[in-house]
Every structure is written in structure tokens, then in C-alpha cells.
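# Fold and geometry: a report
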Protein chains: 2
Amino acid sequence: MKSSNNVRENILSTAADLFYKQGYNSTGINQIIDEADIARGSLYNHFKSKNELFYAYLEEINERWFEQLYSYIKKIKHPKDRILGLFDFRIKRQTQSSFGGCPFIKANAEVPQDDKKAFEIIDKNKMKFRDYILELLNDITLQNDLFTKEELADTIYMLAEGATVTASFQKSKEMIGRAKDIVDRLI
Amino acid sequence: MKSSNNVRENILSTAADLFYKQGYNSTGINQIIDEADIARGSLYNHFKSKNELFYAYLEEINERWFEQLYSYIKKIKHPKDRILGLFDFRIKRQTQSSFGGCPFIKANAEVPQDDKKAFEIIDKNKMKFRDYILELLNDITLQNDLFTKEELADTIYMLAEGATVTASFQKSKEMIGRAKDIVDRLI
DNA sequence: TAATAGATAGACAAATCTGTCTAAATTTTA
DNA sequence: TAAAATTTAGACAGATTTGTCTATCTATTA
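Predicted, not measured: the structure shown is a model, and the values here were computed from it.

Reading the values: rules and limits
- Residues numbered from 1 in each chain as written.
- Chains lettered and ligands numbered in written order.
- Predicted model: local features only at pLDDT ≥ 70, side-chain atom pairs only at ≥ 80, totals over all residues.
- Heavy atoms only, no water.
- Helix = DSSP H or I, 4+ residues; strand = E, 2+ residues; numbered from the N terminus.
- Buried < 20%, exposed > 50% of the residue type's maximum accessible area, 1.4 Å probe, protein only.
- Contact = heavy atoms within 4.5 Å.
- Areas by Shrake-Rupley, 256 points an atom, 1.4 Å probe, with all protein chains shown as cover.
- Near = heavy atom within 4 Å.
- Polar contact = N/O pair within 3.5 Å; in protein donor to acceptor, adjacent residues only side chain to side chain.
- Buried area = accessible area lost by both parts, 1.4 Å probe.
- Salt bridge = Lys/Arg side-chain N within 4 Å of Asp/Glu carboxyl O.
- Nonpolar A, V, L, I, M, F, W, Y, C, P; charged D, E, K, R; others polar.
- Least-squares fit on C-alpha atoms with pLDDT ≥ 70 in both.
- 1 Å grid on protein atoms, 1.4 Å probe; cavity = no way out; pocket = protein on both sides within 12 Å on 5 of 7 lines; lining within 4 Å.
- Points joined across faces, edges and corners; volume = space filled by probe spheres on them.

### Here's the deal with the overall build of chain A
Within chain A, the regular secondary structure consists of nine helices and zero strands. Secondary structure elements of chain A occur, N-terminal to C-terminal, as α-α-α-α-α-α-α-α-α. The principal-axis extent of the C-alpha atoms belonging to chain A is close to 60 × 35 × 30 Å. Each of the 187 residues in chain A was classed as buried or not, and the buried ones make up 52%. At a minimum sequence separation of 6, the contacts of chain A that also span at least 24 residues come to 65%. On chain A, roughly 8700 Å² of surface is accessible, and the fraction owed to carbon and sulfur atoms is 47%.

Rendered as C-alpha cells:
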């Protein structure tokens, strides 16, 4: 009934919502076409299988994630506050999703061990985040020489990931806040 | 055909293996009873549903995980080396499982948002790990006063979690090794 | 030895899953 | 306006899912 002029986008955004909230294996094709309000044939016209839709989902949220990140950090002027802002960004996203966790870590858990393509997309996202942290670090002057900037980038990256995954089962932003305070002392 | 004198243990260990390797939603009751080589009725005699089996699985691996951890750390004499040994322990487990990731983080990703019981068991495991790190820290003298021992426990915990989840999609122990080197400098 | 409890194989229900296909309606392009 | 491409609803196949139930067999216990 809906006259959507971009069926593909409709499918992708509906699938993204469901894959994130329910997980890949708990989301059926039937639910996707029902909620997107499109025909079964249309889905298979744009995506040759549920698995291909999953890859498209991963690529899609990867792009959206960095769009949101850059937009958020752009508003912050002071270089050191930008680093700390990374944690506020994670807190914001986790709060908005009721602590549903990082979508890439969630997806990672459902990927079969031999699906190299999926692991590559996830790795691409995470290493791009780590490299972005390094970029931000290059704009500040360190107070001590305990760590190189490369090491600090790894540290901040791992703290952010460890904190976010913890927030997802504690259903609380507490640990991300602690990670932020720790980083505040490190840089 | 198998004359197992403890059917429950057989079911639980078989389910544990499959839940970890394939994930909860990708593992069917049929596969569990086939591989455990027991009757369908026996499974439902010991566990009233697949979900109850999942809870039992979480409790089971929680106990086994700390058994293995304590056994591993016990062999290390020097207090600081015990902290660093935590990372070697994670490396060992990840290498042995072909980088299948932390079973609790994997399970966490498949838990529906309203399943409080599952999140509680996962949290119990992770916070017990964090508290154990604090215990180990209480046996050493810090080289600097940048962080309290509580803060260091959080830091080491998050580094370990962030590193392990990264190892699981990179299929490499590299990041856990980096986390270890960083902690070596922090304590 | 007899009674009880547990394990077995397997049928069965009812729902769900992914993917294919048809035929008609609609939209886009030429 | 006509042709081509896309979308639609829905049937369908074939496999799979969890959970229940029956009837037989085996092992333990009293």
C-alpha cells in the first residue's frame, strides 16, 4: 500500500532496526517485509539472500556511525575535550538505545567462524575508530611520556570498547563514565 | 546407546560446546540430543525448556571459567606477574578456541532486552573478574599515584574486555598482547 | 524378586524459517 | 502512448523449530 520511492532504503533501515534490537538470527524475513510494508519479491529483488542483507546492514551502520561521530565531535573545540567527548558519544548512543550495546559487537557474536567478510567489516569499523582516536591525540600535547600516542590510542580504544560492552549488560552508563575519568587522567 | 551415568552433565557439556561455538539461536534441541546421544525426553526431564538450559549453561561456564583462572594464576609467584598473567590467560583461552571470543560477551549479544536473569549472571561473572583484579592489585606496591587501586582495577578490566572482543574479530592475539604491555607500564 | 524411577526411540502438533514462483497492478522510461 | 521494469499479494515447497506424549526398555532400590 505504501508508495515508497526508495524500496531499498526502506528495507535496509527496517532490517537495521530489527537486526540491532533483536539480533540477526531472531529476525525473520517475514517480520522485515511486514514492518517495511513491502512485498516479499521486492526484498529478494534488492538482496539476493538474508545474508547479503546482513552485509549491507553492516556497511550501512558503519557509515552512519561515523557520520554521527564526526557530527558530534565537530561541535567540540578543545582538542582534549574531543577525546573525552568520544565517551560522551558512546554514552549518548547507549542511553538512546536503552543500552542495547555496540551494534558491531552484537553482530560479531552471531557471525559464524568462517564468515571472513563479516569479520572484515567489523574490523574496518573498529580500527577506523582507533585511528580516529590517534588523529585526535595528535592535536594535543601530552603531560607525561609514559605512553606513545599509538599506545594511548590503543588504550583509549580498548577502554571505550570494554566500557560499552559492560554498559550493555549492566544497563547503566556508569562504566563508560569511569572510563572517561581514567582517560582524563591519562592525557 | 551410550550408558552415561550422568545424563545431566552430558547434556550440559554438549550444549555448552554448541552454544559457545554456534551461538544459542543457531543451536537446536535436535542437534544437542543428537550429539549428546540421549533421548529427547531426557533433556526435557532435566531442563524444562531450552531457555532454562541456557541459564544452566551460563552458570556452568561461570564456575568453570574461574576454576581455570585460579588454577592458572596459582602457578605464578610474583604479584605483578599475576596481573600480567591475566592477559596470558585470556590469550591462552582465545588461542585454544580459535578466537571464538568471550562466551559471556557472546551470550550477552543474544539475550533479549527483557531477560534480566541472563544479564545478571553475565554481570556476576564480569564483576567477579574485576574484583579479583583488585585483590591481585592489593598485593603490589604501585610505582606512581596517578590512579587508585579501584581505578586501576577498572582500567585493567576494561582493557582485558576490549582486547578480547577485538581479538575475536581480528582472529589474532595481537591486541591482548598490547593490552598486557600497557598494563605492564601502569602498575 | 518386585516395584519404582529414569532413559529410550520416535511420532506428532503447530508454528516458523528461507527462498521461489506466478500473475496482476503499478510505475518508470523511451 | 507504448514498452519495459518494478512492485504487489500470496501460494507454495521443503526444511526446521520447540515442546508434548506414548510405549517400551533398563537400571536402581527396597
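### Brief notes about the protein's contact with DNA strand D
Around DNA strand D sit 17 residues, and of these Ser42(A), Asn45(A), Ile29(B), Arg40(B) and Lys50(B) come closest. Protein-adjacent atoms of DNA strand D, using a 4 Å cutoff, are sugar or phosphate at a proportion of 54%. At a separation of 3.1 Å, a phosphate oxygen of DNA strand D approaches a polar backbone atom of Ala39(A). Interatomic distance of 2.8 Å between a side-chain N/O atom of Arg40(B) and a base nitrogen of DNA strand D.

### Focus on the interface of chain A and chain B
Counting residues at the interface gives 41 residues for chain A, matched by 41 residues for chain B. Summing both sides of the interface, chain A and chain B together bury roughly 3500 Å²; the carbon and sulfur share of this comes to 63%. On inspection of chain A and its partner chain B, the count reaches four salt bridges. Between Asp154(B) and Arg178(A) there is a salt bridge whose closest N-O contact spans 3.0 Å. Counting every contact that joins chain A to chain B gives 18 residue pairs in polar contact (both at pLDDT 80 or more). Those elements that place two or more of their residues in the side of chain A that touches chain B are helix 6 (103-110), helix 7 (116-137), helix 8 (149-170) and helix 9 (174-186) of chain A. In terms of residue count, helix 8 of chain A provides more of the side of chain A that touches chain B than any other element does, 14 residues in total. Taken together, the residues that form the side of chain A that touches chain B break down as 18 nonpolar, 12 polar and 11 charged.

### Things to note about the protein's contact with DNA strand C
Around DNA strand C, a shell composed of 18 residues is seen, among which Ile29(A), Arg40(A), Lys50(A), Ala39(B) and Ser42(B) lie nearest. Within 4 Å of the protein, the contacting atoms of DNA strand C are drawn from sugar and phosphate to the extent of 53%. Within the contact set of DNA strand C, a phosphate oxygen lies 2.7 Å away from a backbone nitrogen or oxygen of Ile29(A). Here a phosphate oxygen of DNA strand C sits 3.1 Å away from a polar atom, N or O, in the side chain of Asn45(B). Secondary-structure elements contributing two or more residues to the surface near DNA strand C are helix 2 (29-36) and helix 3 (40-46) of chain A together with helix 3 (40-46) of chain B. Sort the elements by how many residues they give to the surface near DNA strand C and helix 3 of chain B lands first, with four residues. When its residues are assigned to classes, the surface near DNA strand C shows six nonpolar, seven polar and five charged.

### Topic: the relation of the copies chain A and chain B
For the pair chain A and chain B, the superposition axis carries a translation of 0.0 Å, the fit reaches an RMSD of 0.0 Å, and the rotation angle comes to 180°. The transformation just described matches what one would write down for a two-fold rotation axis. Every residue of chain A has its C-alpha some distance from the rotation axis, and the shortest such distance is that of Gly162(A), at 2.1 Å. Comparing contact sets, 100% of the residues at the interface of chain A also lie at the interface in chain B, consistent with an isologous, same-surface contact.

### A short note on empty space enclosed by the protein
Summed over the entire model, instances satisfying the criterion amount to three cavities of 30 Å³ or more. By volume, the largest cavity is sized at about 130 Å³. Around the largest cavity, the lining is made up of 18 residues, and of these Gly100(A), Gly101(A), Lys106(A), Ser168(A) and Asn108(B) lie nearest the centre. The set of elements that each furnish at least two residues to the lining of the largest cavity consists of helix 6 and helix 8 of chain A together with helix 6 (103-110) of chain B. It is helix 8 of chain A that provides the largest number of residues to the lining of the largest cavity, a total of four residues.

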